[in-house]
Amino acid sequence: METVDYESLETLLGQQLRQSDNYDLDQEHFFPIGFLDRLTHFSQNLSVVENRHDDKIELNYHGDDFDRWVDNMVSATHVYLKPDGAEEVCDTCLSDILEITLNSDKTVSATLFDETSASVVNSDGSPLTADNVESLCLAIDLDYGRQSSPLKSLEYLASLFYRAGRSMKMNICNSNRDRFIDPIFNFFKFDMVRLVPELLGDLEQIYDEQLLNLTLTAKGQK
């Protein structure tokens, strides 16, 4: 048996979310989450450096704001449970869970903050199984199509990636990620800093309108 508390699970899943970039502009997939992680923290660090030279330049907390967004997204992760003795599957949030236990038979159990226990299952009610804590992961469902208003800054960032890709004679796709991420970041980072507040606003819209849904699952699950 192996037990992991909420804070540890939130950290594990948060790191996975930060690394879940999806770049495939030909298929209209653009989820630059790792890039935004890097850009927001660069913006915050840059403001510290500039403030040291000129105290009239205000500090910003863009990196901290991004970290809070990640925490909020992960805390809202869907977790499907079958309470002990119940037949029906219920849907709760990760923030309702005190700890998760991986049993010797690879099934997963949860203890909620109200001290009730339940089996963790898939959405169809089948048992969730995991070899170890590191096997737990996020199923990510991104649906920009339901937005109430355009995510203009993300759309602009996508167009910038597209133009940069054409300039480098390279397709912006997941298989080419290691070839274009550093050049684009290093070349445009100072220009993109001005976009960070609006990009953070787009992320807040994604959270508020539930355009990004996360579900607790495990590697190898259907």
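Residues numbered from 1 in each chain as written. Predicted model: local features only at pLDDT ≥ 70, side-chain atom pairs only at ≥ 80, totals over all residues. Heavy atoms only, no water.

1. Focus on the overall build of the chain
Here is step 1 of the chain: Along the chain, the regular secondary structure elements total six helices and 10 strands.
Here is step 2 of the chain: Each of the three principal axes of the chain carries a C-alpha extent, and together these read 60 × 45 × 35 Å.
Here is step 3 of the chain: Excluding contacts between residues fewer than 6 apart, the proportion of contacts in the chain whose partners are at least 24 apart in sequence is 65%.
Here is step 4 of the chain: Treating the 18 positive side-chain charges of the chain as one cloud and the 40 negative ones as another, the clouds have centres 12 Å apart. (Helix = DSSP H or I, 4+ residues; strand = E, 2+ residues; numbered from the N terminus. Contact = heavy atoms within 4.5 Å. Lys, Arg positive; Asp, Glu negative; His and termini not counted. Charge placed at Lys NZ, Arg CZ, Asp CG, Glu CD.)

2. Topic: the side chain of T101
Here is step 1 of the chain: Its place among the elements puts T101 in strand β6 (residues 97-102).
Here is step 2 of the chain: By relative accessible area, T101 is classed as buried at 11%.
Here is step 3 of the chain: A distance of 3.1 Å separates the side chain of T101 from the side chain of T3, its partner in a polar contact.
Here is step 4 of the chain: Look past the residues within four positions of T101 in its chain and what remains in contact with it is M1, E2, T3, T107, V108 and S109. (Buried < 20%, exposed > 50% of the residue type's maximum accessible area, 1.4 Å probe, protein only. Polar contact = N/O pair within 3.5 Å; in protein donor to acceptor, adjacent residues only side chain to side chain.)

3. With respect to the packing of aromatic side chains
Here is step 1 of the chain: Tallying each qualifying case throughout the model produces 11 aromatic pairs.
Here is step 2 of the chain: With a centroid separation of 5.5 Å and an interplanar angle of 90 degrees, the aromatic rings of Y23 and F180 are classed as edge-to-face. Of this pair, Y23 sits in strand β2 (residues 22-24) while F180 sits in helix α5 (residues 177-192), and the two are 157 residues apart along the sequence.
Here is step 3 of the chain: Under the relative-accessibility criterion, Y23 is labelled buried at 0%.
Here is step 4 of the chain: Given a relative accessible area of 0%, F180 falls into the buried group.
Here is step 5 of the chain: Judged by centre distance (5.8 Å) and plane angle (80 degrees), the ring pair of F35 and F185 falls under edge-to-face. Residue F35 is located in helix α2 (residues 33-53), and its partner F185 is located in helix α5; the two are separated by 150 residues in the primary sequence. (Phe/Tyr/Trp six-rings, centres within 6.5 Å; stacked < 30°, edge-to-face > 60°.)

4. Structural notes on the packing of α2 against helix α3 (residues 62-75)
Here is step 1 of the chain: Between α2 and α3, the least distance of the axes is 6 Å, while the angle of their chain directions is 145 degrees. Of the residues in α3, those in contact with I33, L36, D37, T40, H41, S43 and Q44 of α2 are H62, G63, D64, F66, D67 and W69.
Here is step 2 of the chain: By residue class, the composition of the contact of α2 with α3 is four nonpolar, six polar and three charged. (Axes fitted to C-alpha atoms, helices over the stretch in contact; angles between N-to-C directions. Nonpolar A, V, L, I, M, F, W, Y, C, P; charged D, E, K, R; others polar.)

5. A short note on the packing of α3 against helix α6 (residues 196-208)
Helix-helix packing is described using two parameters, namely the angle between the two axes and the distance between the axes.
Here is step 1 of the chain: Orientation of α3 relative to α6, taken along the N-to-C sense of each, is 10 degrees, at an axis distance of 11 Å. When the axes of α3 and α6 are compared, the pair comes out roughly parallel. Contacts between α3 and α6 involve H62, D65, F66, W69, N72 and M73 from the former and V196, P197, L200, L203, E204, I206 and Y207 from the latter.
Here is step 2 of the chain: Classifying every residue of the contact of α3 with α6 by side-chain character gives nine nonpolar, two polar and two charged. (Parallel < 35°, antiparallel > 145°, perpendicular 65-115°, else oblique.)

6. Overview of the state of the cysteines
Here is step 1 of the chain: Evaluated as defined, the whole model comprises zero disulfides.
Here is step 2 of the chain: Not part of a disulfide, C90 finds its nearest cysteine sulfur in C93, a span of 11 Å. (Disulfide = S-S within 2.5 Å.)

7. Section: the environment of E50
Here is step 1 of the chain: In this fold, E50 is placed in helix α2.
Here is step 2 of the chain: Accessibility expressed as a relative area gives 33% for E50, which makes it partly exposed.
Here is step 3 of the chain: Taking the C-alpha atoms as reference points, E50 and K169, 119 residues apart in sequence, are found 35 Å from one another.

8. Re the layout of surface pockets
Here is step 1 of the chain: Approximately 310 Å³ is the volume found for the largest pocket.
Here is step 2 of the chain: Together, 13 residues line the largest pocket, and E28, H29, F30, L142 and Y144 are the ones closest to its centre.
Here is step 3 of the chain: Of all elements in the fold, only β3 (29-31), β9 (136-142) and α4 (152-167) reach the threshold of two or more residues within the lining of the largest pocket.
Here is step 4 of the chain: Taken together, the residues of the lining of the largest pocket sort by class into eight nonpolar, three polar and two charged.
Here is step 5 of the chain: Considering only enclosed or pocket space, the second largest pocket measures out at about 160 Å³ in volume.
Here is step 6 of the chain: Lining the second largest pocket, in full, are M73, A76, T77, H78, C93, I206, Y207, Q210, L212, N213 and L214.
Here is step 7 of the chain: Residue assignment for the lining of the second largest pocket shows that the elements contributing at least two residues are α6 and β10 (212-218).
Here is step 8 of the chain: The biggest single contributor to the lining of the second largest pocket is β10, with three residues.
Here is step 9 of the chain: Here the residues of the lining of the second largest pocket are counted per class, giving seven nonpolar, four polar and no charged. (1 Å grid on protein atoms, 1.4 Å probe; cavity = no way out; pocket = protein on both sides within 12 Å on 5 of 7 lines; lining within 4 Å. Points joined across faces, edges and corners; volume = space filled by probe spheres on them.)

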